[in-house]
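Summary of structural features
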Amino acid sequence: MSLNLQTLIQRMSPMTHWDERLVVEPFFPESVDMESSSNSLDFHLGNRFTILRSRRSSQHDPLSQDPKRDVVVRELFIPMGKEFTLNPGQIVLGTTLEWFRFPYDLMAYVIGRSIWGRRGLLIVTASAVHPGSSGTITLEMSNLSEVGLHLRPGAAIGQLFFNQVDVGSNPGQRRSPNFTGALRPIIGTYSLSKVEDLLLKLE
Amino acid sequence: MPSPWQVECLLIRMDSLRNEILRVKNKDRPYTETDIVYDSLVSVIESRRNLVVRAKKLAAAKGTVIDQAVFNHRAKDLETVFQVFSYTDRVDSPRIPFEVLRSLSWVANKLFGEQCYTVVRLEPKYNYGILSCRREFEKNGWGKYWQYADEGQHDSLSIQNGQAPPNVLLLGFPSPDAGSTLVHALAAHEFGHEFAFKWNNDIKDVREAVVTAVKGSYNVDLQDYLWGIITRREGESQDDVTEKARRYIFALIDKITSGWLSEIFSDLVAARLVGPAFLAAFDRIIIGHGKAGETHPSASLRRSLVRRYLKDFLPEVISDPTWAHLFDGTSTAVGSSDELYGVIEKVFDSMIIEALKPILNRIPSPLTRLSPPEFAELLETMEDHIDHLATPSVPLTLGDHLPDTDKFWLLMFAAWHYRLSPRFEKLREICGDDPNSAKAEEVLGNLLLHALLSLELRARWQDKLSKGGANVA
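Note that the structure is a prediction, hence the values are computed from the model and not measured.

**Concerning the sheet that holds strand 3 (residues 48-53) of chain A**
Residues and elements named next belong to chain A. If you trace the five strands from one edge of the open sheet to the other, you get 4-3-6-12-9, paired in antiparallel fashion. In this open sheet, the two strands that pair with only one neighbour each are strand 4 (72-77) and strand 9 (121-123). Ignoring which end each strand starts from, the neighbouring axes of this sheet average 30° apart. In the sheet, strand 9 pairs with strand 12 (residues 138-143) via three bridges, with the strands oriented antiparallel. What sits directly across from L122, in strand 12, is S142.

What follows is the structure, encoded as structure tokens:
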């Protein structure tokens, strides 16, 4: 079930029990139109960016266990009031300005705002935020237009659509430690599942 | 006299340093506050270069070479410019916690009552440091060069015509611990050095009292020490030698006392701002007893004085068992094997806290702003947030009874309290039971860093709202 704005605001109240409490920080109540029929919460672009860099070898291999064969990144911090230009065809990892704390019965989908989408900004991959997640959300953004696109920290580039999850009798699932409490955009390391490991070894 | 070749070399070095400063200035950097320093350094180099060129022309007209003293003076200037420049390099590494910079500037502005920018650099040495760039310029006789080179480039820095640029406080964070947000509570100590400078006249009185006390025990305790360092030259009488050694020792006492006093004062300022969290962060940076030196007292003396001050100043706060192990140390205040240091330690141990108290009392402590029950409740709510991986800045925004700058230090305090309390185990478990707690501490540091950023954004948002500048629904 998708949650409406009023319910989300209720979930953010300090009176709400931690089992159900959603925390969004910083959150500016003045910026929310409570009369709106919106079912989403806008998020804003944060200050940290990670750019995938070219390297001497012409490919990178995410499955390789050798870090030297994986992608090389460059981190950038863009302060408020400054901008970052996303070039055509370029992919960049960014973060939300907000720190989100999800209870175990809520998950959300990250959707880019159409106003940005129509100008070529695509926020597409890994778009689901799992129940119990906490931290800033890493955004994978690419520019599909033919011209550069200015991105400014603080801009409302996307929104979260929240859904209630049936937790059944097991409300306290463990979080993934790798992505818990992240502040910077995380590229992550690939860990092979047992099935993948088997499949990849087949000849 | 310097040869024309040496003069040429000096001019070339000046040019290359100027170009290097401009290269660094033109790098793509998040914050441009250090531009003030770069511009001013370039002005110094250009003025020194002009002086050398003029002296060279004058000497050539007289058929001679440039005066050695002038040459030496300019060469020394060049070295000093390079040194100051080297402090302001390495301020753009993505490893720097830029999130905290504006909050630090904001806190510094409120604490010192003047506009200043705080910039962080990564120190190759394992220590924290602070440098007031404008003061460094004044110390070197370059005060008039502390200026914007091109106002058009600094429109974001609120330039007002004819006004000197604000000061730039350069905070050094140890490079290996750049990402350890909790340890940055030591910034409170570094700000203490700025207070020490600001109230130098009052501290001078304390210094004189300490020096008098140390010199008073000189005859009693330092005779053996004195004999140990005396080297008698041929033709010198015993009295001459003794007097020479006495003068040397007294000068050394002055120097050591000044250095130690600044450190101890800054420690106690930090104790007022972040309470026992200072001791916790200090233990991270200085492992063990830390030997005394001419500029810094031993870590044992520092810990002992801070502990004693906290027991007196914040008895309710430190009665909390979470901090107990920070006060359990068996180290004694006085323990240097060097006799001179030992004598100074004794004097510091016996009188320094009482002597500094009236000066320290001018700095309001965020930890005494609330009544003990209110404070305990706030801390509990902040820690509840951390327990649930929510930023601890949220409870600070409820109600409006605390100044924003106090909240900055309260967050540091709360994060350390959480780190040392049994509740940290829960976070460690969430973070995958890492045996040395690295992941859990990283997450706690991220929560703290985001909370500091968030607090500052909220304050600026409120400011904008009050001025009617924000476009809100």
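Let us keep going from here.
**Focus on the packing of helix 10 (residues 238-274) of chain B against helix 12 (residues 299-313) of chain B**
Residue and element names in this part refer to chain B. Viewed as axis vectors pointing N to C, helix 10 and helix 12 meet at an angle of 40°, and their least axial separation amounts to 10 Å. In terms of orientation, helix 10 and helix 12 fall into the oblique class. Helix 10 and helix 12 meet at a crossing whose hand is right-handed. Contacts between helix 10 and helix 12 involve E263, I264, D267, L268 and A271 on the former and, on the latter, R302, L305, V306, Y309 and L310. Per-class residue counts for the contact of helix 10 with helix 12 are seven nonpolar, no polar and three charged.

**Quick notes on the environment of E25 of chain A**
Residues and elements named next belong to chain A. Considering the arrangement of structural elements, one finds E25 in strand 1 (residues 23-25). Looking at E25, the number of C-beta atoms within 10 Å reads 25, which means it is buried. A sequence separation of 72 residues divides E25 from L97, and the C-alpha atoms of the two residues are 8.3 Å apart.

**Remarks on the nonpolar core**
Ranked by internal contacts, the top residues of the largest apolar core, which has 126 residues, are A185, A188, V274, F278, I344 and L444 of chain B. Apart from the residues within four sequence positions on either side, F278 of chain B is in contact with A185, A188, H189, A270, A271 and V306 of chain B. Grouped together as the second largest cluster of nonpolar side chains are 31 residues, L22 and F102 of chain A together with A390 and V394 of chain B included.

Conventions we followed
Residues numbered from 1 in each chain as written. Chains lettered and ligands numbered in written order. Predicted model: local features only at pLDDT ≥ 70, side-chain atom pairs only at ≥ 80, totals over all residues. Pairing = 2+ DSSP bridges. Helix = DSSP H or I, 4+ residues; strand = E, 2+ residues; numbered from the N terminus. Axes fitted to C-alpha atoms, helices over the stretch in contact; angles between N-to-C directions. Parallel < 35°, antiparallel > 145°, perpendicular 65-115°, else oblique. Left-handed = near helix turned anticlockwise from the far one by under 90°. Contact = placed C-beta atoms within 7 Å. Nonpolar A, V, L, I, M, F, W, Y, C, P; charged D, E, K, R; others polar. Buried ≥ 20, exposed ≤ 12 C-beta atoms within 10 Å, placed from the backbone. Core = buried A, V, L, I, M, F, W, Y, C linked by C-beta atoms within 7 Å.

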